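Below are the chains, spelled out letter by letter.
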Amino acid sequence: MQPGNKIRKLLEEMTLEDKARQLTQINALYIKPTAKAEVTGVSDDMRLSDDDIRGVGSVLNFGDAEDAQFVRATHLENSHSKIPLLMMQDVIHGYRTIFPVPLALGCSFDTQLVEECAHMSAVEAKYNGVDVTFSPMVDLARDARWGRVMETTGEDPFLNGEMGKAFIRGYKRGGVECCVKHFAAYGAPEGGREYNTTDISERNLREYYLRSYAECLKEKPAMVMTSFNLLNGIPVNGRSDLLLGYLRGELGFDGVVISDYGAVREMIPHGYAEDERECARIAANNCIDIEMMSSTYIHNLPDLVRGGEVSAEKLNGMVARVLALKQKLGLFENPYNATDAEKAAEVCLCEEHRAIARRAAIKSCVLLKNDGVLPLGAQCKSVFVGPYADSKDILGGWACAGRKSEAATIAEGVKNLLGRSVTAVKGCDVGLLSTDESGIDEAVSAAAEADVIVACIGEPADCSGEASSRADISIPRVQVKLLERLSALGKPIVAVVFGGRPQVLTVVEKLCSAILYAWQPGTEGGNAIASLLYGQSNPSGKLTMSFPRSVGQCPIYYNSFSTGRPKGEDILSNCCYNSSYRDELNSPLYPFGYGLSYTRFEYSALTLSSPVMRRGEEVEAGVTVSNVGDCDGEETVQLYIRDLFASVVRPVKELKGFKKIALRAGESAVVTFKIDESTLAFYTADGVLAAERGKFIIMAGGSSQNVLSAELRLED
Ligand code: GLC
């Protein structure tokens, strides 16, 4: 990239120390100790001088518009280079108006809605001083024990790419640049344990884990963030082959690469770099342009350049990319960007944004079971029990400037809808390890008066997200105790379940007549859930991560391989020398792509425009979808393929398309998908992305487990 004249002139004027500082990102608390930022701590081993702080190139976690104004002004006043700050924040699922966590939003299978949510959050964020958000997170996630599955859109590379691009489009349209993360394969920690080793074959890395990052680059994000994890023996920040060869070389990414929080310096505890000087040398030579919250660049880069261990040209290239981003954002002309406290107050939580958040929550909830008890009649006497019956702690992790106090609880949502208060009794705490059963009697006696019991249960909001892995992902024991006591009343129980990950619901499935998975639905959660429970809205969410029957099945995902001894019928049986467990089924309790509606959809007549496709041609698949129930609804029609025999074994199923359609009761529609070689392509044994001739199964349906099939042959 040839830096423009302005950038070239700045590079000439900047000292090596200025450049090292420009490549460092610190928590805004260093500049405004009282910033209303979420205190993620300022690491005391930064050893920053006043000059260092005055000269940094960017800050994160600075709080709101007032904080942003102060931080930008203070920095401009004190920095001698007068280069404006880049202000970054984790706007992950909303800025102040919080919509469902990304794993929930992905279940809408509605990229337009995702784009609208991102747009809304960008508008709120930019007036509050955000230039770039650390989003979208598009890591592939297959293990529900990992807390950060909450921030992904699940176990399918294709879907993650489509959702990531929608987030980027929305952010950009709203006036905020974005940062694709976490490059790479952070979502595959052994044991689902946060920050743990990631060791996957280079083939699976390329075929499954890198796909979504590569797809997102098509929308030209400003940044890519490198991840914490060790990847096949080398910390990602040390993987020159990935950072230079693949990301900048093969994919041609010429934007800014930023490390995750302290990740450059963590190459020491990883056992890869001996000291901070080594960290700085490795990271700079891998063109990690911004070092977030560690100071190896500040303390070592000038010497490394003087000593020739990092070339002056490499350093200038890094600084030029950061300055070019500031130039693109117009910060040199207007160092405050769109920061405007008045406008921020106008847009945050405005009715339009609340309506978007409500719609997103309605479309993200997934109806997992319903024996007919739902929707509830307005006159039905229902009692709401459980830790979430009247809880505002439903924003989920990474809720940015969202305030729990502004969230609508279920009880409030039902009152808003029906115009009358409902009985809500907690019964027990939400804590994972809570054993206090003293409140259960009160809940049971309240429930005894009800026609239908609504049990509002789930994991605590702070038990998913970063540093929140769980070894047991069942519903907390005391809540199961509550369910068992309620079940003894012999009344229908509707479970509304909250969580940032798939949880083990096997017991819940046995005890309840219906299960609505509400995830962490955000500011409008209670209103959305009430609308679904009472049938004002019809559930349409479909799972983007498999729900295991037991944690021992993790990682469990639909796009797995057959094995040489695939299990036949999914039943428990004695030793049978095939790929199975003695004490658990292979299948998930609820599979990828699954979700019920208050109506019913039937699929018929899957047809291909031709059973044979030649190179360069395309085939159209068509399937008829009929709403055979008695109410209108939305259905996500999914297209899957299977490559039966290939130079590298292919999954038993791969999602290659989805379309969400609305059908009135009794209405039918033919949904079509285009299939060409790119649909069938994979990284062959020769490492080439191509489709191999041979037999394919094309499938279409309303869930990965419920499809119609047709055979397609690809011929040379
Ligand atoms: C965190 C997260 C990353 C986030 C960054 C800044 O540790 O890993 O996703 O964007 O730090 O808050």
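Below or above, wherever it landed, is the structure these notes cover. Quick caveat, the model's predicted, so the values are computed rather than measured.

**A closer look at the site of the ligand**
Logical step 1: With respect to spatial proximity, 13 residues lie near the ligand, and among them Asp90, Arg148, Lys181, His182 and Asp260 are the closest.
Logical step 2: Arginine 148 is positioned with one of its side-chain polar atoms (N or O) 2.7 Å from an oxygen atom of the ligand.
Logical step 3: Relative to its free-state accessible area of 310 Å², the ligand is covered by the protein chains to the extent of 96%.
Logical step 4: Of the residues in the shell around the ligand, the class split is seven nonpolar, one polar and five charged.

**Thoughts on the environment of leucine 304**
Logical step 1: Tracing the chain through its elements places leucine 304 in helix α12 (residues 296–306).
Logical step 2: Assessed through its relative accessible area of 0%, leucine 304 is described here as buried.
Logical step 3: Expressed as a C-alpha distance, the spacing of leucine 304 and alanine 188, which sit 116 residues apart in the sequence, is 34 Å.
Logical step 4: Excluding residues within four positions of it along the chain, leucine 304 makes contact with Arg277, Ala280, Arg281, Glu309 and Val310.

**Some details on the pattern of salt bridges**
Logical step 1: Scanning all chains against the criterion turns up 58 salt bridges.
Logical step 2: The partner of glutamate 115 in a salt bridge is arginine 169, and the shortest N-O contact between them spans 3.0 Å. Within this pair, whereas glutamate 115 is found in helix α6 (residues 111–127), its partner arginine 169 is found in helix α7 (residues 157–174), the two being separated by 54 residues in sequence.
Logical step 3: The exposure class assigned to glutamate 115 is buried, which follows from its relative accessible area of 15%.
Logical step 4: Residue lysine 172 is joined to glutamate 177 by a salt bridge in which the shortest nitrogen-to-oxygen separation is 3.9 Å.
Logical step 5: You can call lysine 172 partly exposed: its relative accessible area is 30%.
Logical step 6: The exposure class of glutamate 177 is buried, given its relative accessible area of 9%.
Logical step 7: When salt bridges that share partners are traced, they join Glu207, Arg211, Arg650, Glu654 and Lys656 into one network.

**Considerations on the packing of helix α15 (residues 351–364) against helix α20 (residues 525–533)**
Logical step 1: At their nearest, the axes of α15 and α20 sit 8 Å apart, and the two run at 50° to each other. Put simply, α15 runs oblique to α20. In the packing of α15 onto α20, the handedness of the crossing is right-handed. Here α15 contributes Arg358, Ala361 and Ile362 to the contact with α20, which in turn contributes Asn527, Ala528, Ser531 and Leu532.
Logical step 2: Split into classes, the residues belonging to the contact of α15 with α20 amount to four nonpolar, two polar and one charged.

**Here we look at the packing of aromatic side chains**
Logical step 1: Scanning the entire structure with this criterion turns up 18 aromatic pairs.
Logical step 2: Between the aromatic rings of phenylalanine 158 and phenylalanine 658, the centroid separation amounts to 6.0 Å while the plane-to-plane angle is 70°, which identifies the pairing as edge-to-face. On the criterion of sequence distance, the pair formed by phenylalanine 158 in helix α7 and phenylalanine 658 in strand β21 (residues 654–663) is long-range, its members being 500 residues apart.
Logical step 3: Summarising the aromatic geometry, the rings of phenylalanine 183 and tyrosine 246 are spaced 6.4 Å apart at their centres and angled 10° between planes, so their arrangement reads as stacked. Of this pair, phenylalanine 183 sits in strand β5 (residues 177–183) while tyrosine 246 sits in helix α10 (residues 240–250), and the two are 63 residues apart along the sequence.

The rules we used
All chains use their own residue numbering, which begins from 1 and follows the written sequence. Residue-level local features of this predicted model are given only where pLDDT is at least 70; pairs of side-chain atoms are given and counted only at 80 or more, and the full residue set underlies all totals for whole chains, interfaces and linings. Remark: hydrogens and water are excluded; side-chain values derive from all non-hydrogen atoms of the structure. Near is defined per residue: the residue qualifies when any heavy atom it owns lies within 4 Å of the molecule or strand. N or O atoms within 3.5 Å of each other form a polar contact, as long as, within protein, one can give a hydrogen and the other can take it, and as long as residues adjacent in sequence are counted only when both atoms are side-chain atoms. Areas reported here follow the Shrake-Rupley algorithm with a probe of radius 1.4 Å; residue values treat only the protein chains shown as occluding. Three residue categories are used. Nonpolar comprises Ala, Val, Leu, Ile, Met, Phe, Trp, Tyr, Cys and Pro, charged comprises Asp, Glu, Lys and Arg, and polar comprises the others, including Gly. The numbering of helices and of strands both runs from the N terminus, where a helix is a DSSP run of H or I of at least 4 residues and a strand a run of E of at least 2. A 1.4 Å probe rolled over the protein chains alone gives each residue an accessible area, and that area as a share of the maximum for its type sets the label: buried under 20%, exposed over 50%, partly exposed in between. Only heavy atoms matter for contacts: two residues are in contact if any of them lie within 4.5 Å across the pair. We define a salt bridge as a contact between a side-chain nitrogen of Lys or Arg and a carboxyl oxygen of Asp or Glu at a distance within 4 Å. With axes taken as lines fitted to C-alpha atoms, and helix axes fitted only over the stretch in contact, angles between N-to-C directions fall between 0 and 180 degrees. The cut-offs work like this: below 35 degrees is roughly parallel, past 145 is roughly antiparallel, 65 to 115 is roughly perpendicular, and the gaps in between are oblique. A crossing counts as left-handed when the near helix is turned anticlockwise from the far one by less than a right angle, and as right-handed when that turn is clockwise. Note on ring pairs: Phe, Tyr and Trp rings are taken, using the six-membered ring of Trp, and paired if centres are within 6.5 Å. Classes follow the plane angle, with under 30 degrees stacked, over 60 edge-to-face and the rest tilted.

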